[in-house]
Amino acid sequence: MAEWAEECDVLVVGSGAGGCCGAYTAAREGLSVILVEASEYFGGTTAYSGGGGVWFPTNAVLQRAGDDDTIEDALTYYHAVVGDRTPHELQEAYVRGGAPLIDYLESDDDLEFMVYPWPDYFGKAPKARAQGRHIVPSPLPIAGDPELNESIRGPLGRERIGEPLPDMLIGGRALVGRFLIALRKYPNVDLYRNTPLEELIVEDGVVVGAVVGNDGERRAIRARKGVVLAAGGFDQNDEMRGKYGVPGAARDSMGPWSNLGKAHEAGIAVGADVDLMDQAWWSPGLTHPDGRSAFALCFTGGIFVDQDGARFTNEYAPYDRLGRDVIARMERGEMTLPFWMIYDDRNGEAPPVGATNVPLVETEKYVDAGLWKTADTLEELAGQIGVPAESLKATVARWNELAAKGVDEDFGRGDEPYDLAFTGGGSALVPIEQGPFHAAQFGISDLGTKGGLRTDTVGRVLDSEGAPIPGLYAAGNTMAAPSGTVYPGGGNPIGTSALFAHLSVMDAATR
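Only a predicted model underlies this, so the values are computations on that prediction, with no experimental measurement involved. The residue count restarts for each chain, going from 1 along the sequence in the order it is written. Residue-level local features of this predicted model are given only where pLDDT is at least 70; pairs of side-chain atoms are given and counted only at 80 or more, and the full residue set underlies all totals for whole chains, interfaces and linings. Water and hydrogen atoms were dropped before computing side-chain values, which therefore reflect all heavy atoms in the structure.

**Student:** Quick rundown of helix α14 (residues 492-508)? Include the residues and the values.
**Tutor:** Along its 17 residues, α14 runs 24 Å from first to last C-alpha, staying within 8% of the 24 Å computed at 1.5 Å per residue. Think of it in three bands: with a 1.4 Å probe and only protein chains considered, a residue is buried below 20% of the maximum accessible area for its type, exposed above 50%, and partly exposed in between. A run of DSSP states H or I qualifies as a helix once it reaches four residues; a run of E qualifies as a strand once it reaches two. Both are numbered from the N-terminal end. Taking burial as the measure, the 17 residues of α14 include 14 buried ones, the bulk of the element. An expected span of 1.5 Å times one less than the residue number is assigned to each helix.

Next up, the structure:
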């Protein structure tokens, strides 16, 4: 028998959307809850999200804005893009569960959401919606609460380049902040930072608690009703990435340093089955002077070329699809990193990227690091980035021909609503004709791994025989994603985390 340092009804591991939502649900349902966060900040990967949104079809926020979507249409879309890679009942639990969760959360005045139109990521799939199924937390002024502001991870500008903290929480920071404020109403909550999970404790086949670290000491916490693992992915663990075959590197992932996969390893150690362990939420990564390639989206011009100076993808496609194009070509031996964005001078030397996520620093730092190149001619630019000059000239000529036609006959850029989301109503085919010409270096980034512990429809972790492990639950990037090998729409990672943590606690409450 363990010697317990503390006891609670529910122990939650992690403090992103899943951890916070799970802790909030437990407290609201009258359960005592302890939340442990491995790092110095609350928020996990969620706090880095610029939108902080959730993909929850037919929720009340959307309906108040006139949304006429149906759950049947949403299920048709989700099944069409995910296919049979994950259990249909798990897919259905996600698609159906979001709207009731928003009803639950909105009954608390501290938890407020608003519509943020964001197209579904497979615009040609059946029942895809051009306006999406996406809502985000409302911004939260926080000038009068500096302690809370300081305790939440991010923004990336603060952590990467030392920008000052803003006095308004937005995106994922707003979601985490709203949960933390809501939790203040309940006396049965303890929140600990710098307290990583070490191992789970099992008695008679039941997970009854966990050992956590704190100030160099190990403490055993008893959880009478269950342990919810919502600790993110293992994106920052290069050893695990290599073991499971996840492309890319920890330095280029957007997850916090604490996403080391300890919850995965703890679950596996007590018999949990896993799935999708080679998968992540991918994106192209603009390379910064610190050598890290970071998630970038909202392109407003340019084309991508490979080591042969050839175009190879729809540059305006949703970021996960674009990242998967690169990875697939690399796995076939057709492509090496880096690849380059080629663009003209119509908007100056900086690449036409509307959302770099990690803020840009001074142009000369990119130039000095060899990441941004400029030349008067395409031949000279080709020499600077090490691609065949005639090939680059032909690629740009072909692109300009397509731009003049207004139709991308090669890769379909502009054919789906997402492709047009950042064009301001203009064409997705912006010609490259106004010298000098530029190139910006790109690599592969990710928003976190998405493989993890297999669960059932209420978040119970399953063993290799498909049976639930009593007392153990998982959510978010610690669970094997219901979306399988695709990214159906913006807000799927955070939505999955929040929903399955909520469902986990609701189930644990009945134990």
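So much for the structure itself; the text now carries on.
**Student:** Mind laying out the pairing of strand β10 (residues 206-214), listing which residues take part and the relevant values?
**Tutor:** Counting buried positions along β10 gives seven out of nine residues, so the element sits mostly inside the fold. The pairing of strand β9 (residues 197-203) with β10 spans six bridges and is antiparallel. Of the residues in β10, the one forming a bridge with glutamate 203 is valine 206. In this antiparallel pair of consecutive strands, β9 and β10, the connection spans two residues, and aspartate 204 shows a positive phi of 55°. The hairpin turn running from β10 into strand β11 (residues 217-229), its antiparallel successor, is two residues long, and aspartate 215 in that turn takes a positive phi close to 55°. A pair of strands is treated as paired once DSSP finds two or more bridges between them.

**Student:** A description of the pattern of salt bridges should follow, citing residues and the corresponding values.
**Tutor:** Just to be clear on terms, a salt bridge is a Lys or Arg side-chain nitrogen sitting within 4 Å of an Asp or Glu carboxyl oxygen. For the structure on display, the rule yields 44 salt bridges. Put simply, arginine 153 and glutamate 40 hold a salt bridge, and the shortest N to O gap is 3.6 Å. Taken together, the residues arginine 153 in the loop between α5 (146-151) and α6 (156-161) and glutamate 40 in the loop between β2 (33-36) and β3 (54-55) connect sequence positions 113 residues apart. Residue arginine 153 is classed as buried on the basis of its relative accessible area of 1%.

**Student:** Pulling in residues and values, what's your account of the packing of aromatic side chains?
**Tutor:** Classification of ring pairs uses Phe, Tyr and Trp, with its six-membered ring standing for Trp, and accepts pairs whose centres are within 6.5 Å; under 30 degrees between planes counts as stacked, over 60 as edge-to-face, and the remaining range as tilted. What the rule picks out here adds up to 27 aromatic pairs. With a centroid separation of 5.3 Å and an interplanar angle of 90°, the aromatic rings of tyrosine 319 and tyrosine 487 are classed as edge-to-face. With tyrosine 319 in helix α10 (residues 319-331) and tyrosine 487 in the loop between β23 (468-474) and α14, the pair connects residues that are 168 residues apart, well separated along the chain. Judged by relative accessible area, which is 6%, tyrosine 319 ranks as buried. With a relative accessible area of 4%, tyrosine 487 lands in the buried category. Centroid distance tyrosine 418 to phenylalanine 422: 5.6 Å. Interplanar angle 90°. Geometry classified as edge-to-face. Overall, the relative accessible area of 3% leaves tyrosine 418 in the buried class. Clustering of aromatic rings is evident, with ring pairs tying together Tyr116, Trp118, Tyr121, Trp281, Phe295, Tyr319, Tyr418, Phe422 and Tyr487. Put simply, a charge is over a ring when the Lys NZ or the Arg CZ is close to the ring centre, within 6 Å, and near the line of the ring normal, within 35 degrees. One Lys or Arg, arginine 28, reaches over the ring of tyrosine 104 and ends 3.7 Å from the middle of that ring.

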